[in-house]
Amino acid sequence: MGRYGVMGGTFDPIHLGHLVAAQAALHEFELDAVYFVPSGQPPHKRHVTDGEHRYVMTLLATAANPRFYTSRVEIDRVGYSYTYDTILYLRQEFNSDEIYFITGADVISHLHTWYRYRELLQVCHFVAATRPGFAFDDALQSSSLTAAEVERISFLEVPSLAISSTDIRQRVRDGRPIKYLVPSAVENYIYKHALYRSGE
Ligand code: NAP
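Residues numbered from 1 in each chain as written. Predicted model: local features only at pLDDT ≥ 70, side-chain atom pairs only at ≥ 80, totals over all residues. Heavy atoms only, no water.

1. Re the overall build of the protein chain
Filter applied, for reference: Segments assigned H or I by DSSP are reported as helices when at least four residues long, segments assigned E as strands when at least two residues long, and all are numbered from the N terminus. Every radius of gyration here is taken over C-alpha atoms, with the globule rule written as 2.2 Å times N^0.38, N being the number of residues. Remark: exposure states derive from per-residue accessible area (1.4 Å probe, protein chains only) relative to the maximum for the residue type, with buried under 20%, exposed over 50%, and partly exposed in between. Any two residues having at least one pair of non-hydrogen atoms within 4.5 Å are treated as being in contact. Per-residue and other accessible areas follow the Shrake-Rupley method at a 1.4 Å probe size, with only the shown protein chains counted as cover for residues. None of His or the chain ends enter the tally, which takes Lys and Arg as positive and Asp and Glu as negative. Every charge is mapped onto a representative atom, which is NZ of Lys, CZ of Arg, CG of Asp or CD of Glu.
Of the regular secondary structure elements, the protein chain holds eight helices and six strands. When the helices and strands of the protein chain are listed from N to C terminus, the series reads β-α-β-α-β-α-β-α-β-α-α-β-α-α. Compactness check: the protein chain gives a C-alpha radius of gyration of 16 Å against a globular reference of 16 Å for 200 residues, within 12% of the reference. Oriented by its inertia axes, the alpha-carbon framework of the protein chain measures out at about 45 × 35 × 35 Å. The buried share among the 200 residues of the protein chain stands at 48%. Partitioning the contacts of the protein chain with sequence separation of at least 6, the portion at a separation of at least 24 is 75%. For the protein chain, the exposed area adds up to about 10,000 Å²; of that, 50% sits on carbon and sulfur atoms. Positive and negative side-chain charges of the protein chain, numbering 19 and 23 respectively, have mean locations separated by a distance of 7 Å.

2. As for the side chain of serine 164
Selection rule: Here a polar contact means two N or O atoms within 3.5 Å. Within protein one must be a hydrogen donor candidate and the other an acceptor candidate, and residues neighboring in sequence count only if both atoms are side-chain atoms.
Mapped onto the elements of the fold, serine 164 is located in the loop between strand S6 (153-157) and helix H7 (165-174). Here the side chain of serine 164 touches aspartate 167 through a polar contact of 3.1 Å, landing on its backbone nitrogen. Those residues within four positions of serine 164 in sequence are excluded, and the remaining contacts are His15 and Arg131.

3. Topic: helix H1 (residues 16-28)
Owing to its 3.6 residues per turn, the α-helix brings residues three or four apart onto one side. Keep this limit in mind: Given the number of residues in a helix, its expected span is that number minus one, multiplied by 1.5 Å.
Over its 13 residues, H1 runs 18 Å from end to end, which matches the ideal 18 Å to within 8%, given 1.5 Å per residue. Those residues of H1 that fall on the buried side of the exposure criterion are Gly17, His18, Leu19, Ala21, Ala22, Ala25 and Leu26. At the C-terminal side of H1, glutamate 30 shows a positive phi close to 50°.

4. Here's the deal with the pattern of salt bridges
Note the following rule: Think of a salt bridge as a Lys or Arg side-chain nitrogen and an Asp or Glu carboxyl oxygen that are within 4 Å of each other.
According to the stated counting rule, one finds eight salt bridges in the structure shown. Taking the shortest distance from any N to any O, the salt bridge between arginine 176 and aspartate 174 comes out at 3.2 Å. Residue class for arginine 176 comes out partly exposed when judged on its relative accessible area of 34%. Shared partners join several salt bridges into a network, and the residues in it are Glu52, Arg72 and Asp76.

5. Things to note about unusual backbone geometry
Between aspartate 12 and proline 13 the backbone carries a cis peptide bond, its omega angle lying at 0°. Within the fold, proline 13 resides in the loop between strand S1 (3-9) and H1. Look at asparagine 95: it is not a glycine, yet its phi comes out positive at around 50°. Here asparagine 95 lies in the loop between helix H3 (83-94) and strand S4 (98-104). Residue classification places asparagine 95 among the exposed residues on the basis of a relative accessible area of 55%. The backbone of tyrosine 196 shows a phi angle near 65°, a positive value even though the residue is not glycine. Within the secondary structure layout, tyrosine 196 lies in the segment after helix H8 (184-192).

6. Regarding the site of the ligand
As a reminder of what qualifies: Nearness is defined per residue: one heavy atom within 4 Å of the molecule or strand is enough. Polar here means any residue other than Ala, Val, Leu, Ile, Met, Phe, Trp, Tyr, Cys and Pro, which are nonpolar, and Asp, Glu, Lys and Arg, which are charged; Gly is therefore polar.
The ligand sits among 25 residues. The nearest are Thr10, His15, His18, Lys45 and Ser165. In the model, an oxygen atom of the ligand is placed 3.2 Å from a nitrogen or oxygen of the glycine 9 main chain. One nitrogen or oxygen atom from the side chain of aspartate 106 is found 3.3 Å from an oxygen atom belonging to the ligand. Those elements that place two or more of their residues in the shell around the ligand are S1 and S4. Sort the elements by how many residues they give to the shell around the ligand and S4 lands first, with four residues. Its residues placed into classes, the shell around the ligand shows 10 nonpolar, 11 polar and four charged.

7. Some words on the sheet that holds S4
Note the following rule: Two strands qualify as a pair provided that DSSP identifies no fewer than 2 bridges between them. Fitted lines through C-alpha atoms serve as axes, helices being fitted only where they are in contact, and the angles separating the N-to-C directions of these axes extend from 0 to 180 degrees.
What the six strands build is an open sheet, ordered S3-S2-S1-S4-S5-S6; its pairing is parallel. Looking at strand neighbours, the two that pair on one side only are strand S3 (68-70) and S6, the edges of this open sheet. Pairwise comparison of adjacent strand axes, ignoring direction, gives a mean angle of 25° for this sheet. Of the strands in this sheet, S1, strand S2 (33-38), S3, S4, strand S5 (125-130) and S6 are in contact with H1, which crosses S2 at around 145°.

Encoded structure:
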């Protein structure tokens with residue numbers, strides 16, 4: 001038993017905003033540990049960097065924190081993994097029904113399109129990490145969730161989420177610095193493997 005955070009994202013690449021958000025959730029919800037789960041290849045999405053690269057960068061970024069772990073559960077599945085399946089699997093692995101799924105608040109407005117979203121909200125709490133100034137009410141209104149479902153969602157304001165993976169990829173393409181936006185091991189990995197040099 002225990003209380004666990006599951007940090008879901010594409011992490012292409014992982015950056016300091018993600019790490020600060022996970023640490024804030026750990027503190028705020030008194031979690032025992034946070035498991036970072038890089039997603040499999042999402043359907044209908046821009047070209048996403050190979051899962052193995054995203055996994056290694058996430059591992060490098062989380063390795064030094066004794067309460068952070070990185071899971072291969074989604075990148076090892078063939079095709080896309082649904083959050084619902086991942087949470088059910090991790091509830092069994094952890095032998096816990098106190099799971100906090102942490103992700104970006106932008107996803108809340110289309111949560112009602114997710115696979116088994118009603119059941120998902122019953123098997124975990126949602127922590128929606130936001131940049132300051134995020135319009136919670138607008139996101140909740142367009143999410144068409146019931147009042148009881150909305151109660152399962154907590155918003156967590158994280159100023160350093162002004163950093164974004166999209167911006168980091170663009171910076172690498174433009175030859176601008178990413179130092180201090182990602183952990184130095186991740187920065188070195190990006191250059192060593194020539195990631196984000198071209199394309200979206
Ligand atoms: P996204 O659309 O790439 O990201 C939406 C926004 O949220 C971006 O601003 C992103 O910033 C931010 N974000 C993403 N993950 C975050 C995190 N863990 N902490 C803080 N900010 C975060 O979303 P995505 O990465 O594809 O999906 C997020 C999670 O939702 C994943 O675990 C994915 O598997 C899950 N999901 C599940 C379903 C389903 O089950 N049907 C459908 C969609 C998404 P950055 O780009 O800087 O990260």
